[in-house]
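# A look at the structure
Each chain is listed here by its residues.
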Amino acid sequence: VNGWGRCVMATVIRGDDNFDSAINGRVLQVGFSDTQLKEGNWTDTAQHDIVSVSFTPLSATSTVYIETVLRVQSYNNNQSQNSSYKIKVLQDTTEIGESNDTHNNPKSTNTAHRTESQTMAVKRATSSTSTRVYKMAAKISSGRLYVSVGDYGKSYIKITEVEA
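The rules we used
- Residues numbered from 1 in each chain as written.
- Predicted model: local features only at pLDDT ≥ 70, side-chain atom pairs only at ≥ 80, totals over all residues.
- Heavy atoms only, no water.
- Helix = DSSP H or I, 4+ residues; strand = E, 2+ residues; numbered from the N terminus.
- Buried < 20%, exposed > 50% of the residue type's maximum accessible area, 1.4 Å probe, protein only.
- Core = buried A, V, L, I, M, F, W, Y, C linked by side-chain atoms within 4.5 Å.
- Contact = heavy atoms within 4.5 Å.
- Polar contact = N/O pair within 3.5 Å; in protein donor to acceptor, adjacent residues only side chain to side chain.

## A closer look at unusual backbone geometry
Backbone geometry at Asp92 places phi at a positive 55 degrees, although glycine is not the residue there. Of note, Asp92 is situated in the loop between strand E6 (83-91) and strand E7 (94-98). With a phi angle near 65 degrees, Ser127 is a residue other than glycine that sits in the positive phi range. The topology assignment puts Ser127 in the loop between strand E9 (113-125) and strand E10 (132-142). Owing to a relative accessible area of 60%, Ser127 belongs among the exposed residues under this scheme.

This is the structure in structure tokens:
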């Protein structure tokens, strides 16, 4: 149970138990979470964590491939402005990836919105077998974001560890 009283569930799939004779390129394990840490509307420019997964690499010489999908609707807030946001991938509190700004350019006086799935992938060396938390976060530059599992589906993060 996390700090908001929600049940946090992540899945880790492992290969066989013979890891001391790993073959280069073999998938060692996969971690996945689609437990939403943030739902609803927001307009502030603070960074908001959307999904996260705790992950303990099996090898200090492996590589992790981090895949994220953000399912969101962006709005321009009834203003003649663009809506703009980016997604970030973090390892613990360190940013390890950032998308370019995703723009919705309606320049309309009415509420203009766009529903989308935004993906991002990051490749990273593990360098140790210490447990870490990988997260996907979203940050607005202008406009408003709306995250709703019921309306747009679940955002997720998937970690694939591959032996180098």
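Back to the text.
## Focus: the nonpolar core
Counting residues in hydrophobic clusters, the biggest one holds 23 residues, and the most contacted among them are Ile50, Ile66, Leu70, Tyr134 and Ile159. Residue assignment for this core shows that the elements contributing at least two residues are strand E4 (47-55), strand E5 (63-75), E6, E9, E10, strand E11 (144-147) and strand E12 (156-162). Here Leu70 is in contact with Ile50, Tyr85, Ile87, Glu116, Ser117, Gln118, Met136, Ala138 and Ser155, once residues within four sequence places are set aside.

## With respect to the environment of Trp42
Summarising the element assignment, Trp42 is placed in strand E3 (residues 40-42). On a C-alpha basis, the gap between Trp42 and Arg144 in space is 5.7 Å, while along the polypeptide they are 102 residues apart. For Trp42, the residues in contact, after removing those within four places along its chain, are His48, Ile50, Ala138, Ile140, Gly143, Arg144, Leu145 and Val147.

## Re the environment of Lys135
Considering the arrangement of structural elements, one finds Lys135 in strand E10. Under the relative-accessibility criterion, Lys135 is labelled buried at 17%. In sequence terms Lys135 and Val51 are 84 residues apart; their C-alpha atoms lie 5.8 Å from each other. A distance of 3.4 Å separates a polar atom in the side chain of Lys135 from the backbone oxygen of Asp92.

## Section: the environment of Lys88
The topology assignment puts Lys88 in strand E6. Excluding anything up to four places from it in sequence, Lys88 contacts Gln47, Glu95, Gly97, Glu98, Lys135, Met136, Ala137 and Lys139. One polar contact links Lys88 to Glu98, side chain to side chain, over a distance of 3.2 Å.

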